Amino acid sequence: MEPAALEQPALEQEIAQLIIDTLNLEDLAATDIPVDQPLFGEGLGLDSVDALELALALQKRYGIRIESNAKHASQHFATIASLAAYVEVQRTACAS
Amino acid sequence: MMDFRIEQWRAWAPGLDSTQAWQAWAQAPHIVPDNLEQPTCAFLPAMQRRRLSRLARITMEVAWPLCGEDEQLPFVFASRHGETPCTFALLADVAQEQPLSPTKFGLSVHNAIAGQWSILRGQRGESVAIAGEADTFEHAMLEGAMLLAEGAPAVVVVIAEEQPAAAYAGWIDDVPFSYALALRLGKIDPSIESPADTSWRLELGPHGGDGTPGTWPHALNFLRALHTQEPSLEHAALEHASLEHVWKTRRWNWQRTR
């Protein structure tokens, strides 16, 4: 039972699709990645090169800046839910 | 002069993915339409497939069955042009001052595919990545023959070319469509009875004058020879089983010896 995966809010869904498209995860659909599943290591199984690729895609898509030495980056990138929260905050910060 | 056996081989091009399809092509060679088709590489889990470019997939598709799960074999990757579509896409990003994809940039070296082969197949031995001229195929065979002479039990040699980006059309004229040919080379050993094998002698001699390049890339031409010269032919016919590829000052003579 993963109720979180059943109803993904729009931004989560969008980020899940961005991950699939950017990282070429052929056999997956956006709804296949639970928003609270770890993206790296155990879980989806992404690695550090994927993280770089994903950071680039997020910057392009949402017009945000992610410093490579940003504190807590690994926490922000932990799950789709945490990424969505991070993008939301950064988007607001960059827009102002 | 080099002698070797071709123990196994496998080829791929758009729409040409079976022995029958290649047999038909060998008898009536023609330019097949290249609509960026790529092999599925279903033998790999999706997570391992995600960083394979089109040329890498084509290479894996042909080479994969030529190496046993428990074997360690040297690997020769040969491509005259490499991944021009990837190079062109990266250069376009540079020109537009866009950040480069770390994955694409990291894999934009000629030996990237040989490296991916090593990782995916757990191969810890030698690998060679070469780019030559129109006779890159023969130079790849030379590498393979030298690795055999060094003591390798067998060598996997792949030549792979991808249809170039349109911008290169005026410069690259020897890739009629994307293709790859993988060969498993072995030493000549009279004590081994393996009727399915063919044995070949490849000899390099000098060539004067320009000569006209053949209609087909050398590897595809050799593929035709592999098909049209069935082992069932009489000895008399075997003597004629030869082909010659010339390029600049080099004359490569292929002679089937068994």
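These figures come from a predicted structure and were not determined experimentally.

Draft legend 1. Main features of the overall build of chain A. When its secondary structure is counted, chain A shows 5 helices and 0 strands. Starting at the N terminus, the α and β elements of chain A follow one another as α-α-α-α-α. Looking at chain A residue by residue over its 96 residues, the buried ones come to 39%. Partitioning the contacts of chain A with sequence separation of at least 6, the portion at a separation of at least 24 is 58%. Counting only carbon and sulfur atoms, one obtains 54% of the accessible surface of chain A, whose full area is about 5400 Å².

Draft legend 2. Spatial organisation of the interface of chain B and chain A. Taken residue by residue, the interface counts 12 residues in chain B and 15 residues in chain A. For the pair chain B and chain A, the two sides together bury roughly 1100 Å², of which 46% comes from carbon and sulfur. Of all residues in chain B, B:M47, B:R50 and B:P102 bury the most surface against chain A, accounting for 43% of the area lost on that side. Applying the counting criterion to the chain B and chain A interface returns 7 salt bridges. Residues B:R50 and A:D50 are paired through a salt bridge, measuring 2.3 Å at the closest nitrogen-oxygen approach. Where chain B packs against chain A, one counts 8 residue pairs in polar contact (both at pLDDT 80 or more). Looking at the side of chain B that touches chain A, the elements that each hand over two or more residues are α2 (46–49) and α5 (102–106) of chain B. When residues of the side of chain B that touches chain A are assigned to their parent elements, the largest contribution, 3 residues, is made by α2(B). A per-class count over the side of chain B that touches chain A returns 5 nonpolar, 3 polar and 4 charged.

Draft legend 3. Quick look at the pattern of salt bridges. Under the defined criterion, the tally for this structure stands at 22 salt bridges over all chains. Its salt-bridge partner being A:E26, residue B:R49 comes within 2.6 Å of it at the nearest N-O pair. Note that B:R49 is positioned in helix α2 and A:E26 in the loop between α2 (10–23) and α3 (48–62), a pairing that runs across two chains. Here the salt bridges do not stand alone but share partners, grouping B:R5, B:E7, B:E71, B:R184 and B:D197 into one network.

Draft legend 4. Quick look at the environment of A:R91. Residue and element names in this part refer to chain A. Within the element layout of this structure, R91 appears in helix α5 (residues 80–95). For R91, a relative accessible area of 31% translates into the label partly exposed. Expressed as a C-alpha distance, the spacing of R91 and A81, which sit 10 residues apart in the sequence, is 15 Å. If sequence neighbours within four positions are ignored, R91 has contacts with L11, Y62 and I64.

Draft legend 5. Spotlight on the packing of α2(A) against α3(A). All names here are of chain A. Contact geometry of α2 with α3 gives a least axis separation of 10 Å together with a crossing angle of 125°. Regarding the angle of α2 to α3, the classification is oblique. The handedness of the crossing between α2 and α3 is right-handed. Across the interface between the two elements, L11, E14, I15, L18, I19, T22 and L23 from α2 touch D50, E53, L54, A57, L58, R61 and Y62 from α3.

Draft legend 6. Here's a closer look at the packing of α2(A) against α5(A). All names here are of chain A. Packing of α2 against α5 leaves a shortest axis separation of 9 Å and a crossing angle of 110°. In terms of orientation, α2 lies roughly perpendicular with respect to α5. Between α2 and α5, the residues in contact are L11, E12, I15, A16 and I19 and I80, A81, L83, A84, V87, E88 and R91, respectively. Partitioned by chemical class, the residues of the contact of α2 with α5 number 9 nonpolar, no polar and 3 charged.

Draft legend 7. Main features of the nonpolar core. Counting residues in hydrophobic clusters, the biggest one holds 41 residues, and the most contacted among them are B:F4 and B:F222. Once residues lying within four places of it in the same chain are set aside, the contact partners of B:F222 are B:I6, B:F137, B:L181, B:L183, B:W200, B:L243 and B:W254. With 27 residues, the next largest nonpolar core counts A:A16, A:I33, A:L58 and A:I66 among its residues.

Thresholds, definitions, all that
- Residues numbered from 1 in each chain as written.
- Chains lettered and ligands numbered in written order.
- Predicted model: local features only at pLDDT ≥ 70, side-chain atom pairs only at ≥ 80, totals over all residues.
- Heavy atoms only, no water.
- Helix = DSSP H or I, 4+ residues; strand = E, 2+ residues; numbered from the N terminus.
- Buried < 20%, exposed > 50% of the residue type's maximum accessible area, 1.4 Å probe, protein only.
- Contact = heavy atoms within 4.5 Å.
- Areas by Shrake-Rupley, 256 points an atom, 1.4 Å probe, with all protein chains shown as cover.
- Buried area = accessible area lost by both parts, 1.4 Å probe.
- Salt bridge = Lys/Arg side-chain N within 4 Å of Asp/Glu carboxyl O.
- Polar contact = N/O pair within 3.5 Å; in protein donor to acceptor, adjacent residues only side chain to side chain.
- Nonpolar A, V, L, I, M, F, W, Y, C, P; charged D, E, K, R; others polar.
- Axes fitted to C-alpha atoms, helices over the stretch in contact; angles between N-to-C directions.
- Parallel < 35°, antiparallel > 145°, perpendicular 65-115°, else oblique.
- Left-handed = near helix turned anticlockwise from the far one by under 90°.
- Core = buried A, V, L, I, M, F, W, Y, C linked by side-chain atoms within 4.5 Å.

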